[in-house]
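# A look at the structure
Residue-level listing of the chains:
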Amino acid sequence: NCRFLKKDDRQQGYKIPKKYNYLMGTSVRAMLPNIAYFKELFGEQGFQDFCFEHKIDPDFFAILDNILNLNFCCDLTEEILRKEKQDSVVMNRLSSHAVAPAAHGRLFKYYEQAASPIDRLEAYFSRWKKYQSNMDYTLKRDKDSFCAITLLPKEHMKAFNRATVHEFYPDYLKHFIRKLS
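Residues numbered from 1 in each chain as written. Predicted model: local features only at pLDDT ≥ 70, side-chain atom pairs only at ≥ 80, totals over all residues. Heavy atoms only, no water.

## Concerning the packing of helix 2 (residues 70-84) against helix 6 (residues 163-180)
Packed helices, taken two at a time, are described by the angle their axes make and the gap between the axes. The interhelical angle for the contact between helix 2 and helix 6, taken along N-to-C directions, is 70°, at an axis separation of 10 Å. Considering their axes alone, helix 2 and helix 6 lie roughly perpendicular with respect to each other. Along its contact with helix 2, which presents Leu 70, Cys 74, Thr 77, Glu 78 and Leu 81, the element helix 6 presents Thr 164, Val 165, Phe 168 and Tyr 169. Among the residues forming the contact of helix 2 with helix 6, the class breakdown is six nonpolar, two polar and one charged. (Axes fitted to C-alpha atoms, helices over the stretch in contact; angles between N-to-C directions. Helix = DSSP H or I, 4+ residues; strand = E, 2+ residues; numbered from the N terminus. Parallel < 35°, antiparallel > 145°, perpendicular 65-115°, else oblique. Contact = heavy atoms within 4.5 Å. Nonpolar A, V, L, I, M, F, W, Y, C, P; charged D, E, K, R; others polar.)

## Digging into the packing of helix 1 (residues 28-53) against helix 2
Interhelical geometry of helix 1 versus helix 2 gives an angle of 80° and a closest axis separation of 10 Å. One finds that helix 1 runs roughly perpendicular with respect to helix 2. Facing helix 1, whose interface residues are Met 31, Asn 34, Ile 35, Tyr 37, Phe 38, Leu 41, Phe 42, Phe 47, Phe 50 and Cys 51, helix 2 presents Phe 72, Cys 73, Asp 75, Leu 76, Thr 77, Glu 79, Ile 80, Lys 83 and Glu 84. Across the contact of helix 1 with helix 2, the residue classes tally to 13 nonpolar, two polar and four charged.

## Structural notes on the environment of Tyr 110
As for its placement among the helices and strands, Tyr 110 is situated in helix 4 (residues 108-112). Looking at Tyr 110, the relative accessible area reads 31%, which means it is partly exposed. Spatially, the C-alpha atom of Tyr 110 lies 32 Å from that of Lys 15, the residues being 95 residues apart in sequence. In contact with Tyr 110, not counting residues within four places along its chain, are Ala 123 and Arg 127. (Buried < 20%, exposed > 50% of the residue type's maximum accessible area, 1.4 Å probe, protein only.)

Don't take any of this as a statement about function, it's just geometry.
As structure tokens, then:
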């Protein structure tokens, strides 16, 4: 489900730099917690400067279904980690942003309506593709109070040779899922 853009292709009219336009499986919606945390640390102008430095129009991020590859999210997260210096602090702050209504756009109503934490997780995972296509998941509901979730990186994830992808990102997803439930 990842997309490739041809060399000069645009997405929604926005030119995407080569570094971010292959194996695109991360939606803007999935990056909203990172963006919110970045703006908290560096301000709106800091985010705009970061975007211009990385050759992406900041307005690209107004369309929640736009997608990039994980490199942009990693660049953003690594900048946050340089400032914060403690993975545990970053993990907690990111996952706090991840459960905020603003991190889901119009999809939040489905999570808000869920009758239980497990129902909320089922609602989230039924919309998983609206966030990313970098991992597959299985969700097994054993009882009303327990479920098991397995996340498996897709084959294309091997192309991203970054610690942020293979170490930080899976841990962040675990924190986020715990907070969402």
